[in-house]
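# Chains, contacts and geometry: an overview
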Amino acid sequence: MTFVKGEGLSVSFGDEMVLKNLSVEIEEGKIIAILGPNGSGKSTLLKVLSRNIKPNKGSVYLDDKNLVQFSGKTLAQKMAVLPQSPQAPSDLTVRDLVEFGRFPHQSWWQGKSKQDDDCVGWALRQTGLIQMADRVVSTLSGGERQRVWIAMALAQKPEILLLDEPTTYLDICHQLEIMELLANFNNEQHLTVVMVLHDINHAARYSDYVVVVQEGQVFAAGSPREVITEHTLREVFGVESEVILDKTGKPVVIIQGLTCKIG
Amino acid sequence: MLNRKNLFNTMLGDRSQWRVFIILIFAVCALGGILLSLRVGSLSISVNDIVSAILTDNSGANRQVIWNIRLPRTLVGALVGVNLSLAGAILQGVMKNPLADPHIIGVSSGAGLAGVSIMVLFPHKEYLVTPVAFMGAMVAAVFIYILAWKGGIRPVRIILAGVAVSAFLNSAISALLVFYSDRVHGALMWMVGGLSARSWPHLDIILPYTILGGIFAILGARRLNILNLGDEIARGLGLNVEVSRIAMTAVAALLAASAVSVVGLLGFVGLIVPHAARLLVGSDYRYLLPASALLGVAVVTLSDTLARALFSPIEIPVGIIMAFIGAPFFLYLLRRDA
């Protein structure tokens, strides 16, 4: 079932068209990876889908309802967003930060409810942070910090989670830890996950559906096996590669070099 | 017998208890500042006499001094401390800039130009200084907002527009002072900020803004906390970032404008007090706002007491004292924290 739909999205910053009449459909309960070279418009697409940027043309629909019809809080109850490398005030504890996730469920005169506490506790346990709930976020490692932000998003109890490059600046072990965590939530909670990724092999391994963006348009969209091909890598990223299938049938990219030499 | 160290640890072990403890200390300092300000002067009056002068005695010298001079002046000082500290704390959050204070949104330069204009151009209409300064402050703040507006508000644009507009207004002030150099003294005193001769009518002007501004600030505390996480996260959590930012800036502008129009351009409180409070209670606005307000009261009342007592019978403007003592103390806090 289509959950989020972007129709004819155009965005321009000044004279520059960043998205050009782009349409995309996201199915419920799936993991969707958005791939594309730097400046292709993939982050902009994510911001438009999360209503952080208003498109100049086109609309986004969530459950067949136009995104502009949602109030801030009702949208935040359905959709959580994590931008690239978010920053928190340096003295917040893990629990403080995760509690912000309950904001969309609280009215302005109310303090936190029992349900809020339960959700925060649940999010902390699910992300393995319960032991460090009272530590200050700025003393944590990069991977732990990213987990705290994910826990905050989960405390929102969203149906869909949008992330912009959630594994940037992490070492390979912590990159996989984040990907596994998201895959688990997708599996157990039926959470729809949409993420902009740099690592094509992560997209191939963890996503059900891949959207490749090039110069503000969708170059290709489909299952990793359909989309992640030697042709795509050459045309979109300008690299020569060999794509093989691993034992689970997922594509693995082996990069061989640039398509054209620099200069 | 109780193990005192254990008691201390359990009392202060928890962070929110620590913050409440600091706020209580600030409250004691604020109360102490107010009492000291009532006590000290050319006529020294004991605390007992102060209480009886306020509550019971309707005649006598104590009553005259306390009720007509010191009490209103002290209360005006206290509320000015509250308003400027709250305004600074709010603006530092809204603009996400540690240097943000009431100057940034043009309140000071707007009030300054309007006030100084009245003083040097219409010296016989001194009673107009406060209302006109208030209007000047609000006009400058709104003007900067309009200049910075471009399909939304970004803090950096406000700050830059604020710097430019303030520079423009300040040069107008300087021009006035140069052209009317014979009338500079009063204007100069007003530009450093002072509480001398402030009385009940001034209190009536500032009190409604303190109450309303205080209520709105506390109601906005959670929104300020969320704004501190960055615009994208705040939007993701369902906060209307633009509306919150405009509303909280307006609250800060009213708080600051009412304060500077009454006592002049008291600069130091709005910048340093919120920082000092933040160093001690942290960045959670539910604690930071009350802590800043109370510390503001303590700083202004204590500084004003010193301003009156130090070179008595000559009185120095409280703004000078505050910066002289406060700046080094703040630097000490900053070094200690690092």
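Scope of this entry: the structure provided in the associated data block. Computed from a prediction, not measured in an experiment: that's the story for all the values here.

### Some details on the overall build of chain B
Tallying secondary structure elements over chain B gives 15 helices and 0 strands in all. In terms of C-alpha radius of gyration, chain B reaches 21 Å, essentially the compact-globule figure of 20 Å for 338 residues. Taking the intrachain contacts of chain B between residues at least 6 apart in sequence as the baseline, contacts between residues at least 24 apart amount to 75%.

### Some words on the interface of chain B and chain A
Residue-level contacts link 15 residues of chain B with 18 residues of chain A. If you tally residues by element for the side of chain B that touches chain A, the top one is helix H11 (residues 231-236) of chain B, at 4 residues.

### Overview of the sheet that holds strand E1 (residues 2-13) of chain A
Residue and element names in this part refer to chain A. Spatially, the 4 strands line up as an open sheet ordered E2-E1-E4-E5, and their pairing is antiparallel. Whereas interior strands pair on both sides, the edge strands pair on one side only; in this sheet they are strand E2 (16-27) and strand E5 (65-66). In terms of strand pairing, E1 meets E2 through 8 bridges, oriented antiparallel. Its bridge partner being in E2, Phe 13 is matched across the sheet by Glu 16.

### A closer look at the packing of helix H4 (residues 60-94) of chain B against helix H14 (residues 285-309) of chain B
All names here are of chain B. Their axes nearest at 7 Å, the elements H4 and H14 cross at an angle of 140 degrees. With respect to H14, the axis of H4 lies oblique. As for the relative orientation of H4 and H14, their crossing is right-handed in sense. Side by side, H4 and H14 meet where Thr 74, Gly 77, Ala 78, Val 80, Gly 81, Val 82, Leu 84, Ser 85, Leu 86, Ala 89 and Gly 93 of the first sit next to Tyr 285, Leu 288, Leu 289, Ser 292, Ala 293, Leu 295, Gly 296, Val 297, Val 299, Val 300, Thr 301 and Asp 304 of the second. Of the residues assigned to the contact of H4 with H14, the class counts are 14 nonpolar, 8 polar and 1 charged.

### Concerning the sheet that holds strand E9 (residues 209-214) of chain A
Residues and elements named next belong to chain A. Across the sheet, 6 strands lie side by side as E6-E7-E8-E3-E9-E10; this open sheet has mixed pairing. Two strands lie at the open edges of the sheet, namely strand E6 (79-82) and strand E10 (217-222), each paired on one side alone. Between one strand and the next, the sheet's axes are offset by a mean angle of 15 degrees, whatever the strand orientation.

### Quick notes on the packing of helix H13 (residues 268-281) of chain B against H14 of chain B
The geometry of a pair of packed helices is captured by two quantities: the angle between their axes and the separation between those axes. All names here are of chain B. Where H13 meets H14, the closest approach of the two axes is 9 Å, and the angle between their N-to-C directions is 125 degrees. In terms of orientation, H13 lies oblique with respect to H14. Our pair here, H13 against H14, has a crossing hand that is right-handed. Where H13 approaches H14, its residues Val 269, Val 273, Pro 274, Ala 276, Ala 277, Arg 278 and Val 281 are matched on the opposing element by Tyr 287, Leu 288, Ala 291, Ser 292, Leu 295, Gly 296, Val 299 and Val 300. Tallied by class, residues from the contact of H13 with H14 come to 12 nonpolar, 2 polar and 1 charged.

### As for the environment of Ser 207 of chain A
Residues and elements named next belong to chain A. For Ser 207, the position within the fold is in the loop between helix H7 (200-206) and E9. Along the primary structure Ser 207 and Val 60 are separated by 147 residues, whereas in three dimensions their C-alpha atoms are 22 Å apart. Among residues more than four places away in sequence, those in contact with Ser 207 are Ile 31, Ile 32, Ala 33 and Pro 224.

### What to know about the nonpolar core
Membership of the largest hydrophobic core comes to 183 residues, with the highest contact counts inside it found for Ile 34 of chain A together with Ile 90 and Val 260 of chain B. Sort the elements by how many residues they give to this core and H4 of chain B lands first, with 15 residues. If we skip the residues at most four places from it in the chain, Ile 34 of chain A touches Lys 42, Leu 45, Leu 46, Val 194, Met 195, Val 196, Val 211 and Val 213 of chain A.

Basis of the calculations
Residues numbered from 1 in each chain as written. Chains lettered and ligands numbered in written order. Predicted model: local features only at pLDDT ≥ 70, side-chain atom pairs only at ≥ 80, totals over all residues. Helix = DSSP H or I, 4+ residues; strand = E, 2+ residues; numbered from the N terminus. Rg over C-alpha atoms; globule rule 2.2 N^0.38 Å. Contact = placed C-beta atoms within 7 Å. Pairing = 2+ DSSP bridges. Axes fitted to C-alpha atoms, helices over the stretch in contact; angles between N-to-C directions. Parallel < 35°, antiparallel > 145°, perpendicular 65-115°, else oblique. Left-handed = near helix turned anticlockwise from the far one by under 90°. Nonpolar A, V, L, I, M, F, W, Y, C, P; charged D, E, K, R; others polar. Core = buried A, V, L, I, M, F, W, Y, C linked by C-beta atoms within 7 Å. Buried ≥ 20, exposed ≤ 12 C-beta atoms within 10 Å, placed from the backbone.

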